Amino acid sequence: MPEKPRRGRRPKGKGDTRALILEAALRRFAAAGFDQTTSAEIARDAGVDPALLLYYFDSKETLFFDAVRERLYPQMAMAFAGPRSASRLGEQIVDGFLSLWDAEEQGKALAALVRAGVSNDRIGSLFREYIQSEILPQVARRVGSKPQELRVGLAASQLFGLGLARYVLRLGPMAHARREDLVAAIRPTITRYLTGPIGAATPRAEGTRRGGARTQRSGLKPRTRGDTVMGLEGQA
């Protein structure tokens, strides 16, 4: 019976083995998706023993998430970083978001992440924690109006829907629309979410919900049926 590879043994004479695995994993996941990619394929592409994947990562899900996070996070940080003028805040964020997806390799990796996050609870949880702890606070720091977290969450929901429709589902009009047209169309919504009014309409005063109280607040005497009839007769 052949001897099983010893788990936890680092390879001799190799460079940054973990980095090699991450690069190979990202390429595989981007090309074939999470479900269709095997650990054996990643190990073969990286030129390492399959046991090393468990040495560095405790599961395929963790490998997938680390590959996406470590290779895409610098680009994601750059897309949402930098000074933002209030008048161009929405435009800059939408344009930065689209720039992530429009880069071919990054776009494929992001599409794989979205698909896996929706279908796999573990990846979905890791992705959610990452977005909430890394990306949303970064944008929230640039939003002066409260409540920052709600505002950024609303903007994120709009952007996620854009990415899903254009790059994952590839819905006809959205998939083929010009980038500048999308920026112009979505910018006002993102700007309003981040800087404009987002609360519910101001509730009407208690007295305005009942006819009697409404007339009392206005200082007018409630009209009776007799008053109405007399008024009409007077006009006749």
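Thoughts on the overall build of the protein
Next up, step 1: The helix and strand tally for the protein stands at twelve helices and zero strands.
Next up, step 2: Reading the protein from its N terminus to its C terminus gives the helix and strand order α-α-α-α-α-α-α-α-α-α-α-α.
Next up, step 3: Of all 236 residues assigned to the protein, the portion counted as buried reaches 36%.
Next up, step 4: Look at the contacts in the protein between residues 6 or more apart in sequence, and 68% of them connect residues 24 or more apart.
Next up, step 5: When the accessible surface of the protein is totalled, it reaches about 14500 Å², and 54% of it is carbon and sulfur.

So, the confidence of the model for the protein
Next up, step 1: Put simply, the protein has an average pLDDT of 78, and 75% of its residues get 70 or more.
Next up, step 2: In the model, residues 1-14 has pLDDT below 50 throughout and makes 13 contacts with residues more than four positions away in sequence or in other chains.

Focus: the packing of aromatic side chains
Next up, step 1: All told, the structure shown has eight aromatic pairs when counted by the stated rule.
Next up, step 2: Ring geometry for Tyr-56 versus Phe-57: centroids 6.4 Å apart, planes at 50°, classification tilted. Phe-57 shares its class with Tyr-56; the two are buried.
Next up, step 3: Taking 4.9 Å as the distance between ring centres and 15° as the angle between the ring planes, the aromatic pair formed by Trp-101 and Tyr-167 counts as stacked. Here Trp-101 is found in helix α5 (residues 89-102), whereas its partner Tyr-167 is found in helix α8 (residues 148-168), with 66 residues between them in sequence.
Next up, step 4: Residue classification places Trp-101 among the buried positions, given a relative accessible area of 7%.
Next up, step 5: Cation over ring: Lys-60 sits above Phe-34, and NZ or CZ is 4.5 Å from the ring centre.

So, the pattern of salt bridges
Next up, step 1: Counted under the stated rule, the structure contains ten salt bridges.
Next up, step 2: Residue Glu-41 pairs with Arg-28 through a salt bridge whose shortest N-O separation is 3.9 Å. One end of the pair, Glu-41, is in helix α2 (residues 39-46); the other, Arg-28, is in helix α1 (residues 17-32), with 13 residues separating them in the sequence.
Next up, step 3: The exposure class of Arg-28 is partly exposed, given its relative accessible area of 24%.

Topic: α5
Next up, step 1: Taking 1.5 Å as the rise per residue, α5 with 14 residues should run 20 Å; its terminal C-alpha atoms sit 20 Å apart, in good agreement.
Next up, step 2: Taken across its 14 residues, α5 has ten buried, putting it largely inside the fold.
Next up, step 3: For α5, the set of buried residues is Leu-89, Gly-90, Gln-92, Ile-93, Val-94, Gly-96, Phe-97, Leu-98, Leu-100 and Trp-101.
Next up, step 4: Those residues of α5 that are buried lie in contact with α4 (60-80), α6 (104-119), α7 (121-140), α8 and α10 (179-195).

Points about unusual backbone geometry
Next up, step 1: One non-glycine residue, Arg-170, adopts positive backbone phi at about 55°.
Next up, step 2: Considering the arrangement of structural elements, one finds Arg-170 in the loop between α8 and α9 (172-176).

A closer look at the environment of Ile-135
Next up, step 1: Tracing the backbone shows Ile-135 in helix α7.
Next up, step 2: With near-sequence residues (within four places) excluded, Ile-135 lies in contact with Tyr-73, Met-76, Phe-80 and Tyr-130.

Describing the nonpolar core
Next up, step 1: By size, the foremost hydrophobic cluster in this structure holds 60 residues, and its most contacted members are Ile-21, Leu-63, Phe-64 and Trp-101.
Next up, step 2: Here this core takes nine residues from α4, the largest share from any one element.
Next up, step 3: Filtering out sequence-adjacent residues up to four positions away, Leu-63 remains in contact with Ile-21, Leu-22, Ala-25, Phe-29, Ile-42, Leu-53 and Phe-57.

Criteria and cut-off values
- Residues numbered from 1 in each chain as written.
- Predicted model: local features only at pLDDT ≥ 70, side-chain atom pairs only at ≥ 80, totals over all residues.
- Heavy atoms only, no water.
- Helix = DSSP H or I, 4+ residues; strand = E, 2+ residues; numbered from the N terminus.
- Buried < 20%, exposed > 50% of the residue type's maximum accessible area, 1.4 Å probe, protein only.
- Contact = heavy atoms within 4.5 Å.
- Areas by Shrake-Rupley, 256 points an atom, 1.4 Å probe, with all protein chains shown as cover.
- pLDDT = per-residue confidence, 0-100.
- Phe/Tyr/Trp six-rings, centres within 6.5 Å; stacked < 30°, edge-to-face > 60°.
- Lys NZ or Arg CZ within 6 Å of the ring centre and 35° of its normal.
- Salt bridge = Lys/Arg side-chain N within 4 Å of Asp/Glu carboxyl O.
- Expected span 1.5 Å × (residues − 1).
- Core = buried A, V, L, I, M, F, W, Y, C linked by side-chain atoms within 4.5 Å.

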